[in-house]
Amino acid sequence: MRDTSRLLAEAASYDRVVPAHAPWSGLLRTGQTLRIVDLEGQQAVDALFYNASNTTERYSAQDTILALGTPYLATGARLLSNEGNPLVTITADTCGFHDTSAGACSCESNTVRFGHHTKYMHACRENFILELGRYGMGKRDIVANVNFFMNVPVLPDGELAVVDGLSQPGGFVDLTADMDTLCVFSNCPQVNNPCNGFRPTPIRVLIWDA
Ligand SMILES: [Zn+2]
């Protein structure tokens, strides 16, 4: 596997800070590497992936977990599509623990979990809808997603816990594309549980050419 951990920011072909609460999307061509930097630590980044030339082929958490034999994503994990093809592979990672079971926050789930007074709050699902609209997609194209830097241990009784993030300031995860992949991210705006340390912060996205 290609070791991307020594890539220099100066050599990146793309380098952008994504503000707290905001969505981001972009095309990652085969062999390119995308880095998400958790600038201030403990910031969850919700992510969806699509085959750029046929978006009906998209990330499948179920197939990815089945192939990995573990519910957590770390270096070496291949993120598989609903057709069993790798979209991207995690080629470097300082966190070692990424969730793909807990889904994305939404206004609806916020009201159920935290009370009706939270319904006005911005959520990852809204970010996904906004960003997918740029590619002719919508609600029906939101599938079970990846939550980078989000600490969601599966408890012995099978329940999921959302607990304090392990990701340190400046921590990063590298994704190298196995096919031309449309990446859609939500820099999670959640403030009602510890997934962002109760304080959403900016992230940085860099891309290096193959
Ligand atoms: Zn969220």
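Residues numbered from 1 in each chain as written. Predicted model: local features only at pLDDT ≥ 70, side-chain atom pairs only at ≥ 80, totals over all residues. Heavy atoms only, no water.

Student: How should the packing of aromatic side chains be read in this particular structure?
Tutor: We describe a pair of aromatic rings using the distance from one ring centre to the other and the angle between the two ring planes. Per the stated rule, a full pass over the model turns up 6 aromatic pairs. Here phenylalanine 49 and phenylalanine 185 contribute two aromatic rings whose centre-to-centre distance is 6.2 Å and whose plane-to-plane angle is 75 degrees, an arrangement assigned as edge-to-face. With phenylalanine 49 in strand E4 (residues 45–51) and phenylalanine 185 in strand E11 (residues 181–187), the pair connects residues that are 136 residues apart, well separated along the chain. Classification of phenylalanine 185 by relative accessible area gives buried; the value is 1%. When the ring of tyrosine 72 is compared with that of phenylalanine 97, the centres are 4.4 Å apart and the planes differ by 25 degrees; the resulting orientation is stacked. Pair noted here: tyrosine 72 is in strand E5 (residues 72–73) and phenylalanine 97 is in the loop between strand E7 (86–93) and strand E8 (98–99), with a separation of 25 residues, a long-range link. Residue classification places tyrosine 72 among the partly exposed residues on the basis of a relative accessible area of 24%. In textbook terms, an aromatic cluster arises when at least three aromatic residues are bridged by ring pairs, as seen for Tyr14, Trp24, Phe49, Tyr59, Phe148 and Phe185. (Phe/Tyr/Trp six-rings, centres within 6.5 Å; stacked < 30°, edge-to-face > 60°. Helix = DSSP H or I, 4+ residues; strand = E, 2+ residues; numbered from the N terminus. Buried < 20%, exposed > 50% of the residue type's maximum accessible area, 1.4 Å probe, protein only.)

Student: Looking at this structure, I do not really get the pairing of E11. What am I missing?
Tutor: Within E11, 7 of the 7 residues are buried, which leaves the element mostly enclosed by the surrounding structure. In the sheet, E4 pairs with E11 via 7 bridges, with the strands oriented antiparallel. Counterpart to alanine 47 in the pairing with E11 is phenylalanine 185. (Pairing = 2+ DSSP bridges.)

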